[in-house]
Amino acid sequence: MVQLKVNKQTASPLAPFKSNQESTENKIVYDTRQLNLWYGNHHALKNIDLAIKENEVTAIIGPSGCGKSTYIKTLNRMVELVPSVKTSGQIIYRDRNILDASYGVEELRTKVGMVFQKPNPFPKSIYDNIAYGPRIHGIKNKKILDGIVEQSLRGAAIWDEVKDRLNENAYSLSGGQQQRICIARALAIEPDVILMDEPTSALDPISTLKVEELVQELKQNYSIIIVTHNMQQAARISDRTAFFLNGEVVEYDKTDTIFSTPSDKRTEDYISGRFG
Amino acid sequence: MASNDHQANVSVQDMIAKQKGKKGKKRIEKSIPVILFIIASISVLTTFGIVFTLIFETFEFFQRVPFFDFLLGTEWLPFSNNEPLFGILPLIAGTFKVTLIAVVVAVPFGLASAVYLSEYASDNMRRVIKPVLEVLAGVPTIVYGFFALTFVTPLLQQFIPELKIFNALSPGIVVGIMILPMIASLSEDAMSSVPNSIRDGALALGATKLEVAVKVVLPAALSGIMASIVLAVSRAIGETMIVSLAGGSTPRFDLDMTDSIQTMTAYIVQVSTGDAGYGTTIYYSIYSVGFTLFLFTLLMNLLAHVISKRFREEY
């Protein structure tokens, strides 16, 4: 696997509430080792080995049913909502195996935020949507919450559009705005990693562009793992790309390399549009 | 595939045209809406008929008893020989007591059941519990009435010695049990229709199952839940057999739960099963009480309607 050196990132003024003490030097944030996953008898992920780097955008591409969504949902264990799921192997996140039964899912999901395929704001006001995460984790002070809401909405580049209508229902917004509300909602608890499961597949091109720009800004402070159907999107926004096929990682490398000189014939066929 | 492989010369379009040409089909098609309209009108006309009967007979009642005596009177003594009194408040108090106890019993238990069924129960569990709840809803109220009189009241007397054999507490609890499945089932429907994507959004923020249920699903389903409660209250107000059997027949304008009461419905039963002659004041009084009852349930149903419109959270 190629090791990529990235210059130490400076703290962004967009998210000043995010602590940046720890070194952001290209450490590994998620180290997946020999991960296997079954839905009942269906072997959905096969011997996945993948080391995901901090403060990078890692794109996961592949045709439908290749296991890319399953993989990203394993990283915050949302996959366990499917009752018949079984896993083996390890996913080391910050020195601990998250697949350990002793690792609390709530604790994990507090550190690893997620943005879904379809915008799924709560049927509440914009303000309450953003404040939900901090509130369930015990932050009740109105002033602090006000600050978090503003910072998160700014962080998701939607503050100017909604600052005068924070008490309106989030469903009164357009789809693209809703998706950025969902990103802001994830930012509000200052996660370490943000998982994005095809976050632009339900959006129009302009909203997609906005979300893509946002991802570029967010990677200064967060590690981002994004599943995408859209290869151009992966090429535009990611630092590294993993190509999944039939539950296996065919190739994982710097995005430039994957899209210019892939080493596997199947990767080349997929990115050149011969199948998928 | 060619369109007429199997039918050498006749195309599907030709066959369709032939079918369409058949006589009678058009006439049936045209008369159907008329027939359906007539059938639908029957229930509407019946409703109007009932309301008009109530209004006319109630009007007749107020020719004999002054309106404000009825509305504000605190004594209901219709069978008194020298001076009968028709103050509705004691009957309303009886109905109110039973309804209040029923709500106190049914709302927490009904909502807890609904949360369990929609958020925690496995599919198998739900498949067992829901039909059982529906059986509970289908028990005839006369059975509930005997249950209240012969089981619940003696049981309660173990703990509350001063409880009379006819009282408000026992039928109140049993009416609560009767409306519980309605709240549980309708609230569960409302909660189950909250999309899973919204639950996922909360879980992904590190929320526990309880936090998802209480802070996301309950508020999202609030309109349905409120409507179910109001409809259940409206059934409790109109409930007749349980209160007639176990509540007694002593109209009383107070807040004592342990003594015999009489509800509006129980009074109507008392008069109807007795031998009040046609045209007497007592005869007309059951219409006035019935009309009052009708206003209460109508109000409740309107309230349910308004609530489900007003609190609808769009998702």
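Just so it is clear, the model here is predicted, and its values are computed rather than measured.

### Overview of the overall build of chain A
1) Next: Each helix and strand counted, chain A has 10 helices and 10 strands in total.
2) Next: For chain A, the C-alpha radius of gyration of 18 Å lies close to 19 Å, the compact-globule estimate for 276 residues.
3) Next: Dimensions along the principal axes, computed over C-alpha positions, put chain A at roughly 55 × 40 × 35 Å.
4) Next: Considering only intrachain contacts with a sequence separation of at least 6, the fraction spanning at least 24 residues in chain A is 69%.
5) Next: Distance from the positive charge centre (34 side chains) to the negative charge centre (34 side chains) of chain A: 3 Å.

### Looking at the sheet that holds strand 9 (residues 240-245) of chain A
Residue and element names in this part refer to chain A.
1) Next: Sheet architecture is open: six strands sit in the order 6-7-8-3-9-10, paired in mixed fashion. Strand pairing shows two members of the sheet lacking a second neighbour, strand 6 (112-115) and strand 10 (248-254), which therefore form its edges. Neighbour-to-neighbour, the strand axes of this sheet turn through a mean angle of 15°, independent of strand direction.
2) Next: Here strand 6 pairs with strand 7 (residues 193-197) via four bridges, running parallel. In the strand pairing of strand 7, Gly-113 is matched with Ile-194.
3) Next: Helix 6 (residues 175-187) contacts strand 6 and strand 7 of the sheet and is inclined by roughly 175° relative to strand 6.

### As for helix 2 (residues 25-64) of chain B
Residue and element names in this part refer to chain B.
1) Next: Its 40 residues place the ends of helix 2 60 Å apart at the C-alpha level, agreeing with the 58 Å of an ideal helix rising 1.5 Å per residue.
2) Next: Remark: the principal bend of helix 2, roughly 30°, maps to Ser-31, with a proline, Pro-33, within the next four residues.
3) Next: For helix 2, the complete set of buried residues consists of Ser-41, Val-51, Leu-54, Glu-57, Thr-58 and Phe-61.
4) Next: Elements in contact with the buried residues of helix 2: helix 3 (67-72), strand 2 (85-86) and helix 13 (281-310).

### Side note on a nonpolar patch on the surface
1) Next: Where nonpolar side chains cluster on the molecular surface, the patch consists of Ile-28, Ile-32, Ile-35, Leu-36 and Ile-39 of chain B and spans about 470 Å² of accessible area.
2) Next: Within the fold, Ile-39 of chain B resides in helix 2.

### Regarding the confidence of the model for chain A
1) Next: Across chain A, the average pLDDT comes to 88, with 90% of residues at 70 or higher.
2) Next: Predicted confidence is poor over residues 1-24 of chain A, with pLDDT under 50, and the contacts of this stretch with residues over four places away or in other chains come to 45 contacts.

### As for unusual backbone geometry
Residues and elements named next belong to chain A.
1) Next: Its identity as a non-glycine residue notwithstanding, Arg-77 has a phi of 60°, on the positive side.
2) Next: One can find Arg-77 in the loop between helix 1 (68-75) and strand 4 (85-93).
3) Next: Accessibility expressed as a relative area gives 8% for Arg-77, which makes it buried.
4) Next: The residue Asp-95 is not glycine, and still its phi comes out positive at about 75°.
5) Next: Relative to the elements of secondary structure, Asp-95 occurs in the loop between strand 4 and strand 5 (96-97).

### Description of the interface of chain B and chain A
1) Next: At the interface, 20 residues of chain B touch 24 residues of chain A.
2) Next: Overall, the association of chain B and chain A removes approximately 1700 Å² of surface from exposure, summing both partners, and the carbon and sulfur fraction of that is 65%.
3) Next: Across the chain B-chain A interface, the total number found is zero salt bridges.
4) Next: Seen at the junction of chain B and chain A, the total is four residue pairs in polar contact (both at pLDDT 80 or more).

### Description of the pattern of salt bridges
1) Next: Using the criterion set out here, one finds 27 salt bridges over all chains in the structure.
2) Next: For Arg-236 of chain A, the salt bridge is made with Glu-212 of chain A, and the minimal N-O distance between the two is 2.7 Å. Of this pair, Arg-236 of chain A sits in helix 8 (residues 231-237) while Glu-212 of chain A sits in helix 7 (residues 205-218), placing them 24 residues apart in sequence.
3) Next: Overall, Arg-236 of chain A belongs to the partly exposed group, its relative accessible area being 47%.
4) Next: The salt bridge partner of Arg-126 of chain B is Asp-123 of chain B, with a shortest N-O separation of 3.2 Å.

### Digging into the domain arrangement of chain B
Residue and element names in this part refer to chain B.
1) Next: Each domain of chain B was delimited in the assignment, giving domain 1 (2-63) and domain 2 (76-310).
2) Next: Measuring from the centre of the C-alpha atoms in domain 1 to the corresponding centre in domain 2 gives 38 Å.
3) Next: Across the contact, eight residues belong to domain 1 and 10 residues belong to domain 2.
4) Next: Both faces considered, domain 1 and domain 2 share a buried interface measuring about 860 Å² in area, 83% of it formed by carbon and sulfur atoms.
5) Next: Looking at the side of domain 1 facing domain 2, the largest losses of area belong to Leu-54, Glu-57 and Phe-61, adding up to 64% of the total buried there.
6) Next: Counting every contact that joins domain 1 to domain 2 gives zero salt bridges.
7) Next: On the surface where domain 1 and domain 2 come into contact, there are one residue pair in polar contact (both at pLDDT 80 or more).
8) Next: Its residues assigned to classes, the side of domain 1 that touches domain 2 shows four nonpolar, two polar and two charged.

### Overview of a positive patch on the surface
Residue and element names in this part refer to chain B.
1) Next: A surface patch of positive charge is lined by Lys-18, Lys-20, Lys-22, Lys-25, Lys-26 and Lys-30.
2) Next: Of all the secondary structure elements, the ones that give two or more residues to the positive patch are helix 1 (12-21) and helix 2.
3) Next: Element by element, the count of residues in the positive patch is highest for helix 2, at three residues.
4) Next: For Lys-18, a relative accessible area of 68% puts it in the exposed group.

### Re the side chain of Asp-197 of chain A
Residue and element names in this part refer to chain A.
1) Next: Residue placement: Asp-197 occurs in strand 7.
2) Next: Here Asp-197 falls in the buried class, since its relative accessible area comes to 3%.
3) Next: Reaching out from Asp-197, the side chain makes a polar contact with the side chain of Ser-69 at a distance of 2.9 Å.
4) Next: Setting aside residues no more than four positions away along its own chain, Asp-197 makes contact with Ser-69, Ile-72, Lys-73, Met-114, Val-115, Phe-116, Gln-117 and Val-227.

### Section: the sheet that holds strand 4 of chain A
All names here are of chain A.
1) Next: The four strands are arranged 2-1-4-5 in an open sheet whose pairing can be described as antiparallel. Each edge of the sheet is formed by a strand with only one pairing partner; in this case those strands are strand 2 (42-53) and strand 5.
2) Next: Bridge count for strand 1 (residues 28-39) against strand 4 is eight bridges, and the pairing is antiparallel. Looking at strand 4, one finds that Asn-36 is bridged to Ser-88.
3) Next: The sheet strands contacting helix 1 are strand 1, strand 2 and strand 4, and the helix crosses strand 1 at an angle near 120°.

### Focus: the packing of helix 12 (residues 264-273) of chain B against helix 13 of chain B
Residues and elements named next belong to chain B.
1) Next: For the pair helix 12 and helix 13, the least separation of the axes is 9 Å and the interaxial angle reads 155°. Taken together, the axes of helix 12 and helix 13 lie roughly antiparallel to each other. When you trace helix 12 past helix 13, the crossing you get is left-handed. Two secondary-structure elements touch here, helix 12 through Met-264, Thr-265, Tyr-267, Ile-268, Val-271 and Ser-272 and helix 13 through Ile-282, Ser-285, Ile-286, Val-289, Gly-290, Thr-292, Leu-293 and Phe-296.
2) Next: Considered class by class, the residues forming the contact of helix 12 with helix 13 number nine nonpolar, five polar and no charged.

Basis of the calculations
- In this convention, every chain numbers its residues from 1, walking through the sequence in written order.
- Here the convention is simple: chains get letters from A, ligands get numbers from 1, in the order in which they are written.
- Local features in this predicted model are restricted to residues of pLDDT 70 or higher, and side-chain atom pairs are both shown and tallied only at a pLDDT of 80 or more, whereas totals for entire chains, interfaces and linings draw on every residue.
- Heavy atoms from the whole structure form the basis of all side-chain values; hydrogens and water molecules are not counted.
- Counting from the N terminus, the helices are the DSSP runs of H or I reaching at least four residues and the strands are the DSSP runs of E reaching at least two.
- The atom set for the radius of gyration is the C-alpha atoms, and the globule formula is 2.2 Å times the number of residues raised to the power 0.38.
- Between two residues, a contact is recorded if the distance between any of their heavy atoms is within 4.5 Å.
- In summary, the charge assignment counts Lys and Arg as positive and Asp and Glu as negative, without counting His or the chain termini.
- To locate a charge, the coordinates of NZ of Lys, CZ of Arg, CG of Asp or CD of Glu are taken.
- Whether two strands pair comes down to DSSP finding at least two bridges between them.
- Each axis is a line fitted through C-alpha atoms, and for a helix only the stretch in contact is used; angles between axes span 0 to 180 degrees, taken between their N-to-C directions.
- Multiplying one less than the number of residues by 1.5 Å gives the expected span of a helix.
- Fitting one axis to the seven residues ending at a residue and another to the seven starting there, the bend at that residue is the angle between the two axes.
- For every residue, the accessible area obtained with a 1.4 Å probe (protein chains only) is divided by the maximum for its type, and the residue is called buried under 20%, exposed over 50%, and partly exposed between those limits.
- Patches here are clusters of residues that have more than 30% relative accessible area and form no salt bridge, with a 9 Å joining cutoff for like charges and a 5 Å cutoff for nonpolar side chains (Val, Leu, Ile, Met, Phe, Trp, Tyr).
- Method for areas: the Shrake-Rupley scheme with a 1.4 Å probe, in which residue coverage is limited to the protein chains shown.
- Salt bridges are defined by distance alone: a side-chain nitrogen of Lys or Arg within 4 Å of a carboxyl oxygen of Asp or Glu.
- One number per residue, pLDDT, summarises how confident the predictor is, and it ranges from 0 to 100.
- Buried area is calculated as the accessible area (1.4 Å probe) missing from two parts once they are joined, with the contributions of both summed.
- For this analysis, a polar contact is any N or O atom pair within 3.5 Å, provided that within protein one partner can donate a hydrogen and the other can accept it, and provided that sequence-adjacent residues contribute only side-chain to side-chain pairs.
- These domain boundaries are the output of an automatic or database domain assignment.
- Classification used: nonpolar for Ala, Val, Leu, Ile, Met, Phe, Trp, Tyr, Cys and Pro, charged for Asp, Glu, Lys and Arg, polar for all others including Gly.
- Between 65 and 115 degrees an angle is taken as roughly perpendicular, under 35 as roughly parallel, over 145 as roughly antiparallel, and anywhere else as oblique.
- Each crossing is labelled by how the near helix is turned from the far one, with a counterclockwise turn of less than a right angle marking it left-handed and a clockwise turn marking it right-handed.

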